[in-house]
Amino acid sequence: MISFNYETEFRLDEETKVSQWISNAILSENLKEGDINYIFCDDDYLHKLNVEFLDHDTLTDIISFDYSVGKELHGDIYISIERVADNAKDYKVDVLDELKRVMIHGILHYCGFKDKTDDDAKLMREKENHYLSILNY
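Residues numbered from 1 in each chain as written. Predicted model: local features only at pLDDT ≥ 70, side-chain atom pairs only at ≥ 80, totals over all residues. Heavy atoms only, no water.

Enquirer: What exactly am I supposed to notice about the overall build of the protein chain here?
Expert: The secondary structure content of the protein chain amounts to five helices and four strands. Seen in sequence order, the protein chain has helices and strands lined up from the N terminus as β-α-β-α-β-β-α-α-α. Here the C-alpha radius of gyration of the protein chain, 14 Å, is about what a compact globule of 137 residues would show, namely 14 Å. Judged by the C-alpha coordinates and their principal axes, the protein chain covers about 35 × 30 × 30 Å. Split into buried and exposed, the 137 residues of the protein chain put 43% on the buried side. When contacts within the protein chain are restricted to residue pairs at least 6 apart in sequence, long-range pairs at least 24 apart make up 61% of them. For the protein chain, the accessible area works out to roughly 7900 Å², and carbon and sulfur atoms hold 48% of it. (Helix = DSSP H or I, 4+ residues; strand = E, 2+ residues; numbered from the N terminus. Rg over C-alpha atoms; globule rule 2.2 N^0.38 Å. Buried < 20%, exposed > 50% of the residue type's maximum accessible area, 1.4 Å probe, protein only. Contact = heavy atoms within 4.5 Å. Areas by Shrake-Rupley, 256 points an atom, 1.4 Å probe, with all protein chains shown as cover.)

Put into structure tokens, the structure is as follows:
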């Protein structure tokens, strides 16, 4: 089950469609959907998590905690709406488009995709683009 939680004023439109899109991506990767929680927050909230749990004193757009068991995906995905909005400006893209990219990026990590090397990052971007191209809203 995919759930959306809010620690900020932001609210995601069409939660049901977004949830179905994410579910379909998981199934397409031959994995099973477990409990996945998206938590939308601000920079301060995410920065505190970054310092406390990852010992990184930097701002970031996403932190994911993966609790998957075998092929069943479980986890908490924290997304800073402020950081996504700033990144959208930097990349000259729509804020909602950038948010969708970040949301599927977290799921792709749970699916086993990495982005630390150039080759891994290229594959991750290809997967993101694939799933973004099939979003029906």
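Enquirer: Could you clarify how one ought to interpret the sheet that holds strand E3 (residues 62–66) in this entry?
Expert: Paired through backbone hydrogen bonds, the strands of a sheet run either parallel or antiparallel to each other. The mixed open sheet is built from four strands, whose spatial order is E1-E2-E4-E3. Strands with a single pairing partner mark the edges of an open sheet, and in this sheet they are strand E1 (2–6) and E3. On average, adjacent strands in this sheet sit at an angle of 15 degrees to one another, irrespective of strand direction. Here helix H4 (residues 95–110) sits on the sheet in contact with E1, strand E2 (32–41), E3 and strand E4 (72–80), set at roughly 145 degrees to E4. (Pairing = 2+ DSSP bridges. Axes fitted to C-alpha atoms, helices over the stretch in contact; angles between N-to-C directions.)

Enquirer: Help me out: how do you make sense of the side chain of serine 19 in this one?
Expert: You can see serine 19 is positioned in helix H1 (residues 15–28). Given a relative accessible area of 17%, serine 19 falls into the buried group. Serine 19 has contacts with Ile2 and Phe4, leaving out every residue within four places of it along the chain.

Enquirer: Any chance you could explain the environment of valine 84 here in plain terms?
Expert: In this structure, valine 84 sits in helix H3 (residues 81–91). Along the chain, valine 84 and threonine 8 lie 76 residues apart, while their C-alpha atoms are 13 Å from each other. When sequence neighbours within four positions are dropped, the list of residues in contact with valine 84 reads Asp61, Ile79, Val95, Glu98, Leu99 and Val102.

Enquirer: Would you explain the packing of H1 against H4 in this entry?
Expert: Helix-helix packing is described using two parameters, namely the angle between the two axes and the distance between the axes. At a minimum axis separation of 10 Å, H1 and H4 run at an interaxial angle of 40 degrees. For the crossing formed where H1 meets H4, the hand is right-handed. Only Lys100, Met103, Ile104 and Ile107 of H4 make contact with H1, whose side of the interface consists of Val18, Trp21, Ile22, Ala25 and Ile26. Of the residues that constitute the contact of H1 with H4, the class distribution is eight nonpolar, no polar and one charged. (Left-handed = near helix turned anticlockwise from the far one by under 90°. Nonpolar A, V, L, I, M, F, W, Y, C, P; charged D, E, K, R; others polar.)

Enquirer: Could you clarify how one ought to interpret the pattern of salt bridges in this entry?
Expert: Proximity of charged atoms lets side chains of opposite charge pair with each other. Evaluation of the coordinates by the stated rule reveals eight salt bridges. When the shortest N-O distance is used, the salt bridge between arginine 83 and aspartate 86 registers 3.2 Å. Within this pair, arginine 83 and its partner aspartate 86 are both found in helix H3, separated by three residues, close to a single helical turn. Overall, the relative accessible area of 30% leaves aspartate 86 in the partly exposed class. When salt bridges that share partners are traced, they join Asp43, Arg83 and Asp86 into one network. (Salt bridge = Lys/Arg side-chain N within 4 Å of Asp/Glu carboxyl O.)

Enquirer: Sorry if this is basic, but what is going on with the packing of aromatic side chains here?
Expert: Think of a pair of aromatic rings as described by two things: how far the centres are apart, and how the planes are tilted against each other in angle. Under the definition given, this model contains nine aromatic pairs. Aromatic pair phenylalanine 53 and phenylalanine 65: ring centres 5.6 Å apart, planes at 75 degrees, arrangement edge-to-face. Placement of phenylalanine 53 in helix H2 (residues 43–54) and of phenylalanine 65 in strand E3 is noted, with a sequence separation of twelve residues between them. For phenylalanine 65, a relative accessible area of 18% puts it in the buried group. Three or more aromatic residues link up through ring pairs in this structure, and these residues are Phe4, Tyr6, Phe10, Tyr38 and Phe40. (Phe/Tyr/Trp six-rings, centres within 6.5 Å; stacked < 30°, edge-to-face > 60°.)

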